[in-house]
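Each chain, letter by letter, is given below.
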Amino acid sequence: MRGFRSYLGDFEFHAARVVARLTGERVVIQDDNSARGMADLRIEYSNRPSAYVEVVADVEPAYAQMTQLVLGDQEIVAPELRRVWYVTLAKSARLRSLRPTLMRRLQELEAAGVFLEIVQPEGSLAVSAVEEVRQLATLGVVQLTSRWAQPGEQPKALLFPQGVGGPARQDWPAFNAWLGEFLEAPKRGDVRRKLAATGAPERHVFAGLTFSTPWPALHSLSEDYDSLPDQPPPLPAEITHVWAWASPIGRCIAWFPERGWFDPRAHWSTA
């Protein structure tokens, strides 16, 4: 339940389901924190030794914390307003300072006829000619727009965490570079140690890309594309297989040494 309520939901369970659907084998979520150094998943092959999988997501703690706070109380109904406001917050947003003053600032904007009906370029709020807009920017608001409330709809503010962005271009070299750095990073030392300790011939990492991941790598797994990397991933010696999923809205691809890169959805063994 703790995993289900987290920023990515129960990512470990979703990863196990993907592995099971591809392999057609029994996949056990085995790491219940009852023992140190236990790998997250075990693939119980029927005709060869079991494989082990470590599931890890690229989530920056500050961003994850802010996202949890925002999504946990995303909609603020405000009868004192006349419009529906869309408020996008940076990962550095000071929510404790922002929430008590947000409705008052939005009321002041409405009273002044400042509706911001067209989304402004990022960074423009901080240099706005309107003082209330600049003050919201200092509290971490990076985008702000509004519309009239529809008949029967309550005026409100809707909070959203800031995502990432950049050129709409697939960049497999950047993806592979990010993947290698991610897997080799000191923070993944425990992941590598746990896999090595299994002594298994197959040692998988299932990596989740999120809005914390650099744009070129994340966007390369967009559903807008269907190609695959043309180079093998740079894997540490402890890792033999790798999966990468831009969860929950992008593609999942995998690399196995005997087959190279492939799209698991095109090779399901089970429904």
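Residues numbered from 1 in each chain as written. Predicted model: local features only at pLDDT ≥ 70, side-chain atom pairs only at ≥ 80, totals over all residues. Heavy atoms only, no water.

Undergrad: Is there a simple way to think about a nonpolar patch on the surface in this case?
TA: On the surface, a cluster of nonpolar side chains totalling about 270 Å² of accessible area is made up of Val164, Phe211 and Ile249. The residue valine 164 is located in the loop between strand S7 (156-161) and helix H5 (172-184) in this model. Its relative accessible area of 32% is what places valine 164 among the partly exposed residues. (Patch = residues over 30% accessible without salt bridge, like charges linked within 9 Å, V, L, I, M, F, W, Y side chains within 5 Å. Areas by Shrake-Rupley, 256 points an atom, 1.4 Å probe, with all protein chains shown as cover. Salt bridge = Lys/Arg side-chain N within 4 Å of Asp/Glu carboxyl O. Helix = DSSP H or I, 4+ residues; strand = E, 2+ residues; numbered from the N terminus. Buried < 20%, exposed > 50% of the residue type's maximum accessible area, 1.4 Å probe, protein only.)

Undergrad: What is the right way to read helix H6 (residues 189-198) from this model?
TA: Every α-helical turn comprises 3.6 residues, leaving residues that sit three or four positions apart pointing alike. Along H6, the residues that are buried comprise Gly189, Val191, Arg192, Lys194 and Leu195. Where H6 is buried, its residues touch strand S3 (51-57), H5 and strand S8 (203-209). Positive backbone phi, approximately 65°, marks glycine 199, located one or two places after H6. (Contact = heavy atoms within 4.5 Å.)

Undergrad: It is not clear to me how the sheet that holds S7 should be interpreted in this structure. Could you clarify?
TA: Strand order in the open sheet formed by four strands is S4-S7-S5-S6, and the pairing between neighbours is mixed. Edge strands, defined here as strands with exactly one partner in the open sheet, are strand S4 (75-77) and strand S6 (141-148). The average angle at which neighbouring strand axes cross in this sheet is 15°, direction not considered. Two elements, strand S5 (residues 83-89) and S6, share seven bridges in a ladder whose sense is antiparallel. Counted as the bridge partner of leucine 89 is valine 141 from S6. (Pairing = 2+ DSSP bridges. Axes fitted to C-alpha atoms, helices over the stretch in contact; angles between N-to-C directions.)

Undergrad: Any chance you could explain the pairing of strand S10 (residues 252-256) here in plain terms?
TA: Of all five residues that make up S10, five are buried, and the element is covered over most of its length. In the sheet, strand S9 (residues 241-246) pairs with S10 via four bridges, with the strands oriented antiparallel. Counted as the bridge partner of tryptophan 245 is cysteine 252 from S10. One ladder, built from three bridges, connects S10 with strand S11 (residues 260-262); its direction is antiparallel. Directly across from alanine 254, in S11, lies its bridge partner phenylalanine 262.

Undergrad: Would you take a moment to explain the packing of aromatic side chains for this structure?
TA: Any aromatic ring pair is given by two values, namely how distant the centres are and how the planes are angled relative to each other. Per the counting criterion, the structure on display carries twelve aromatic pairs. Between tryptophan 172 and phenylalanine 175, the aromatic rings sit 5.4 Å apart at their centres with planes inclined by 80°, giving edge-to-face as the arrangement. Separated by three residues within a single helix, tryptophan 172 and phenylalanine 175 lie in helix H5, roughly one turn from each other. A relative accessible area of 10% places tryptophan 172 in the buried class. Here phenylalanine 175 and tryptophan 178 contribute two aromatic rings whose centre-to-centre distance is 6.4 Å and whose plane-to-plane angle is 40°, an arrangement assigned as tilted. Within this pair, phenylalanine 175 and its partner tryptophan 178 are both found in helix H5, separated by three residues, close to a single helical turn. You'll find phenylalanine 175 and tryptophan 178 in the same group, each marked buried. Each member of the aromatic cluster is reached from another via a ring pair, and the members are Phe11, Phe206, Trp243, Trp245, Phe256 and Phe262. (Phe/Tyr/Trp six-rings, centres within 6.5 Å; stacked < 30°, edge-to-face > 60°.)

Undergrad: Is there a simple way to think about the side chain of threonine 210 in this case?
TA: Mapped onto the fold, threonine 210 is located in the loop between S8 and helix H7 (215-220). The class for threonine 210 is buried, based on a relative accessible area of 2%. In this structure the side chain of threonine 210 is engaged in a polar contact, spanning 3.0 Å, whose partner is the backbone nitrogen of serine 212. (Polar contact = N/O pair within 3.5 Å; in protein donor to acceptor, adjacent residues only side chain to side chain.)

Undergrad: Teacher, can you tell me more about unusual backbone geometry here?
TA: Negative phi values dominate among residues other than glycine, just as trans dominates among peptide bonds. At leucine 116, a position not held by glycine, the phi torsion is positive, near 50°. Checked against the element boundaries, leucine 116 lands in the loop between helix H3 (95-111) and helix H4 (131-138).

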